[in-house]
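The chain contents come next:
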Amino acid sequence: MAGNPAVFQEALRKAHNLAWDRKWLPAIAEYRRALAEVDDDPLVWISLGSALAEARRLADAKAAYQRAGELAPDDATVLQKLADIYTRLRDVENASQMYLMMATAYMKNREPLKAIQAWRAIVRLSPAHIESRRRLAELLEQVGLNTESAEEHVTVARLLRERGQDAEATTHARKALTLDPQNRQALTINQSLQAPASAPRGLRSLMLPRQSVPSPKLGDNPAQEAAQRALSRLAEVVSERKKAAQGPVGTAPLSAESLIAQALEFQSGNRLGEAIGCYQRAVGLGANWPEVHFNLGMVCLKASRFDEAINELSQSLDAPDYMLGACYALAQIHQSRGRLADALEALLAAMHTVELRSVAPAQADTVTTLYQELAARFTTADQEGPARHLLSALFSLMNDKNWAERVGQLRRGLDTQFGYAALATVAELVGYPNPEEALMALVLSHDLLERQKTPSALEEVYRAIALAPAYLPLHAHLAEVFARQGHIQAAVEKYQVIAALQRVRRESLALADTYRQILKLVPQDTDTRARHIERLLQSNAIDEAIDQYVALGDAHYHLAQLDRAVSAYEEALRLIPRAAQDRWSVTIYHLLGEVYIQRVDWKGAAEVYRRIHELAPNDDKASLRLIDLAFKQGDDDAALRELDSLSARYEQTGEMAALLGVVTDLAALRPKNAALKERMADLLVKQGQGERAVSELDFLGELQLRAGQTQAAALTIERIIALSPPNVENYRELLQQLRAAH
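Keep in mind that what you see is a predicted model, and the values were worked out from it rather than measured. (Residues numbered from 1 in each chain as written. Predicted model: local features only at pLDDT ≥ 70, side-chain atom pairs only at ≥ 80, totals over all residues. Heavy atoms only, no water.)

Chemist: What is the right way to look at the overall build of the protein chain in this model?
Modeler: From N to C terminus, the protein chain includes 39 helices and 0 strands. Relative to the 2.2 N^0.38 estimate, which gives 27 Å for 742 residues, the radius of gyration of the protein chain is 38 Å and therefore markedly larger than a compact globule would have. Expressed as lengths along the three principal axes of its C-alpha atoms, the size of the protein chain is roughly 135 × 90 × 50 Å. For the protein chain, with 742 residues in total, the buried portion stands at 50%. Long-range contacts, defined here as pairs at least 24 residues apart, represent 56% of the contacts in the protein chain between residues at least 6 apart. Accessible area for the protein chain stands at about 34700 Å²; split by element, carbon and sulfur atoms hold 50% of it. The average position of the 85 basic charges and that of the 95 acidic charges among the side chains of the protein chain differ by 3 Å. (Helix = DSSP H or I, 4+ residues; strand = E, 2+ residues; numbered from the N terminus. Rg over C-alpha atoms; globule rule 2.2 N^0.38 Å. Buried < 20%, exposed > 50% of the residue type's maximum accessible area, 1.4 Å probe, protein only. Contact = heavy atoms within 4.5 Å. Areas by Shrake-Rupley, 256 points an atom, 1.4 Å probe, with all protein chains shown as cover. Lys, Arg positive; Asp, Glu negative; His and termini not counted. Charge placed at Lys NZ, Arg CZ, Asp CG, Glu CD.)

Chemist: Whenever I open this one, the packing of aromatic side chains confuses me. Can you help?
Modeler: Within a pair of aromatic rings, the relevant descriptors are the distance that separates the centres and the angle that separates the planes. Tallied over the full model, the rule gives 3 aromatic pairs. Ring plane angle 25° and centroid distance 5.4 Å describe the contact between Phe294 and Tyr322, whose orientation is recorded as stacked. In this pair, Phe294 sits in helix α15 (residues 290-302) while Tyr322 sits in the loop between α16 (306-314) and α17 (323-336), placing the two residues 28 residues apart along the sequence. The buried category is assigned to Tyr322, whose relative accessible area is 1%. The ring of Trp602 carries Lys632 above its face, with NZ or CZ at 5.3 Å from the centroid. (Phe/Tyr/Trp six-rings, centres within 6.5 Å; stacked < 30°, edge-to-face > 60°. Lys NZ or Arg CZ within 6 Å of the ring centre and 35° of its normal.)

Chemist: Help me understand the nonpolar core, please; the structure alone is not making it clear to me.
Modeler: As a rule of thumb, nonpolar side chains are buried together in soluble globular proteins. Phe294, Met351, Leu394 and Trp403 are the most contacted members of the largest nonpolar core, which has 98 residues in total. The greatest single-element share of this core, amounting to 11 residues, is contributed by helix α18 (residues 340-356). Formed by 47 residues, the second largest nonpolar core is a distinct cluster that contains Ala15, Leu52, Ala68 and Leu140. (Core = buried A, V, L, I, M, F, W, Y, C linked by side-chain atoms within 4.5 Å.)

Chemist: Can you walk me through the packing of helix α3 (residues 42-54) against helix α4 (residues 58-71) in this structure?
Modeler: Any two packed helices are characterised by the angle at which their axes cross and by the distance between the axes. One way to put it is that α3 packs onto α4 with a least axis distance of 8 Å and a crossing angle of 165°. Classified by the angle between their axes, α3 and α4 sit roughly antiparallel to one another. Both α3 and α4 take part in a crossing whose hand is left-handed. Contact with α3, carried on its side by Pro42, Trp45, Ile46, Leu48, Gly49, Ser50, Leu52 and Ala53, involves Leu58, Asp60, Ala61, Ala64, Tyr65, Arg67, Ala68 and Leu71 of α4 and no other residues of that element. Tallied by class, the residues present in the contact of α3 with α4 amount to 12 nonpolar, 2 polar and 2 charged. (Axes fitted to C-alpha atoms, helices over the stretch in contact; angles between N-to-C directions. Parallel < 35°, antiparallel > 145°, perpendicular 65-115°, else oblique. Left-handed = near helix turned anticlockwise from the far one by under 90°. Nonpolar A, V, L, I, M, F, W, Y, C, P; charged D, E, K, R; others polar.)

Chemist: Sorry if this is basic, but what is going on with the environment of Ala667 here?
Modeler: Note on placement: Ala667 falls in helix α35 (residues 656-669). A relative accessible area of 3% places Ala667 in the buried class. The residues contacting Ala667, other than those within four sequence positions of it, are Leu676 and Met680.

Chemist: Looking at this structure, I do not really get the environment of Arg574. What am I missing?
Modeler: By the secondary structure assignment, Arg574 is in helix α30 (residues 562-575). Residues Arg574 and Leu552 lie 22 residues apart in sequence; the distance between their C-alpha atoms is 15 Å.

Chemist: Looking at this structure, how should I read the side chain of Ser47?
Modeler: On the secondary structure map, Ser47 appears in helix α3. Under the relative-accessibility criterion, Ser47 is labelled buried at 18%. If we ignore the near neighbours within four places in the chain, the residues touching Ser47 are His16 and Tyr31.

Chemist: I'm lost on the pattern of salt bridges in this one. Help?
Modeler: Pairing between side chains of opposite charge can happen when the charged atoms of each approach one another. All chains considered together, the criterion is met by 32 salt bridges. The structure contains a network of salt bridges with shared partners spanning Arg377, Glu428, Arg505 and Glu507. (Salt bridge = Lys/Arg side-chain N within 4 Å of Asp/Glu carboxyl O.)

Chemist: Would you take a moment to explain the environment of Leu423 for this structure?
Modeler: Within the element layout of this structure, Leu423 appears in the loop between α21 (403-415) and α22 (426-429). We classify Leu423 as buried; its relative accessible area is 17%. Each residue touching Leu423, except ones within four places of it in the same chain, is listed here: Thr366, Leu370, Leu509, Ala510 and Asp513.

Chemist: I'm lost on the packing of helix α26 (residues 488-505) against helix α27 (residues 508-521) in this one. Help?
Modeler: Running from N to C, α26 and α27 point in directions that differ by 160°, and their axes come no closer than 9 Å. Taken together, the axes of α26 and α27 are roughly antiparallel relative to one another. The crossing of α26 and α27 is left-handed. Between α26 and α27, the residues in contact are Ile488, Ala491, Val492, Tyr495, Gln496, Ile498, Ala499, Gln502 and Arg503 and Ala510, Leu511, Thr514, Tyr515, Gln517, Ile518 and Leu521, respectively. Here the contact of α26 with α27 is built from residues that sort into 11 nonpolar, 4 polar and 1 charged.

Spelled out as structure tokens, the structure:
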């Protein structure tokens with residue numbers, strides 16, 4: 001439709017101006033007035049959509065962008081806008097479709113790098129979508145980004161392994177190793193697929209990295225799934241026994257296999273006591289197999305013989321096939337007996353094992369520590385209420401047919417975040433209602449923040465906090481948004497509240513990260529840095545503690561608190577023997593030297609720089625400081641000895657220009673020092689700068705004559721004459737006069 005062009009242009013101009021001033025509602029009205037005249041311009045529809053989106057009218061913005069898409073179906077900008085809107089509306093399917101169309105358009109236009117960004121957006125929305133990750137891996141390989149392609153193949157392998165598709169998982173793990181032979185994640189997955197590791201015995205000891213257990217089948221909780229596996233394997237044993245025997249099992253000599261066969265029959269007939277007796281006799285005859293112990297434990301549980309059940313199930317904890325099921329069944333028993341702490345510890349051990357599948361090997365120790373801290377926090381006497389709530393949430397999760405896949409998806413979602421959000425466990429997250437929705441809001445807020453859409457990011461994090469008001473990673477992200485807005489004080493106050501709660505919870509890893517965030521914003525907050533150091537020392541994180549002591553000393557130095565700066569630096573030096581290697585001593589001694597110089601303590605400073613020379617004999621800065629300090633203390637001979645030593649090093653390495661600069665600076669500070677002038681003249685001669693050398697020697701001769709050093713002055717004049725300056729006759733005449741005077 002074509003209307004009045006003048007009205008169209010006037011309305012469009014006003015709309016753009018209003019939008020520039022962020023007056024969204026009147027801008028929307030003007031865009032609509034323009035479209036009433038000309039409604040087939042896709043750029044105007046895009047502008048209207050942007051204004052509507054900023055005004056939080058997302059449904060209307062979607063309609064505007066859809067109209068723009070009808071007018072310009074191949075415009076990537078329109079597709080990007082629609083993808084943003086669908087993402088904000090939590091319509092993952094349509095958002096992914098838009099990004100897919102973008103990727104297709106970019107590939108058609110031979111823009112593979114842009115296509116890669118579109119595919120990455122798709123996998124952010126659906127981290128567990130295997131086909132999208134396959135396509136992304138292929139495209140990354142096509143453009144030569146082999147390391148990134150390997151990472152995607154690793155993720156695909158992990159997802160496939162969680163779903164029990166080990167053959168395909170192995171293919172992708174090997175592909176990752178082909179692209180990046182040093183990829184440790186691919187090596188670990190490949191090894192685990194070839195030879196699954198076994199887990200140690202004991203619930204708390206199960207919280208150790210690198211366990212490998214089968215993925216639960218859909219529709220079963222872990223105990224049910226493990227029970228089916230145990231029954232199936234025992235039935236196979238009995239079947240093999242029947243084939244090998246001459247007659248029926250019952251006619252063969254009494255054996256463990258025949259007792260197991262009887263036990264299975266009694267169990268199927270619900271004759272629990274007789275089944276238990278047969279299993280126990282089979283164990284006595286040598287059937288000390290994890291399948292027997294687990295099955296016996298489950299029968300004892302069904303018969304309410306809880307102590308026997310606990311004993312048998314505990315003996316199954318070191319078998320990968322039965323670890324999850326044993327943990328779940330033990331939790332059921334402990335819960336029924338009112339032992340909430342023991343029940344929760346069992347479920348946390350199971351959650352830890354499953355969550356480890358979705359993290360990189362380098363992260364395994366961190367996740368393990370987080371679970372150990374979580375177990376310690378919730379299994380104390382004063383946490384009965386929260387423990388009961390978390391226990392209920394974990395039981396509910398594990399009764400979901402897709403529970404293991406949900407854990408993997410949530411873990412990967414957490415890993416897309418930074419700071420405290422990454423230092424969190426899925427077990428704690430699922431203790432809140434709608435964990436997926438809360439996490440998605442956090443992910444979206446991070447994405448908006450990275451794209452500098454701070455108001456929208458703030459809106460998303462507030463929405464997430466409304467879903468899970470006590471979940472600390474959300475509050476940590478809110479502090480990050482405050483910091484990006486420039487509200488430093490608000491961010492610091494939020495972090496301090498978080499740190500106080502983390503101290504109460506004894507969350508050492510998360511607390512350390514919170515301290516780091518505070519110190520990024522206010523580096524001279526010496527109280528927070530001191531608390532951070534204390535926490536690091538408790539965790540035996542010696543290297544970082546040394547770094548923080550150095551930073552603490554720097555903060556005190558800049559606050560003119562010199563005594564405190566010295567104390568901090570000295571504490572750092574005392575810790576160095578406990579570190580794996582020394583990478584700090586020389587730096588710290590230099591910092592101490594600067595403090596002594598600020599104090600005008602030349603003697604103390606000289607001792608520090610001599611210590612540096614012991615550690616690093618070729619440290620030029622220490623040499624220069626020692627030269628200067630010796631001159632300040634009136635020990636010119638010591639200064640010149642140090643200068644000569646430095647000169648020898650420079651000459652050996654061919655750094656003559658640098659040496660000349662050093663001597664020039666020293667001579668400029670001490671213009672009447674004849675020894676410095678002489679050395680400077682020597683250097684100038686060596687570098688072929690005769691004219692400058694004559695000037696310096698002339699000045700040196702005057703100094704010597706004024707000091708009554710006639711013979712020395714004569715030697716200096718002889719050196720000048722040897723350089724043949726333009727006025728050489730004047731110097732010859734002066735030399736004759738000096739000789740005549742003697």
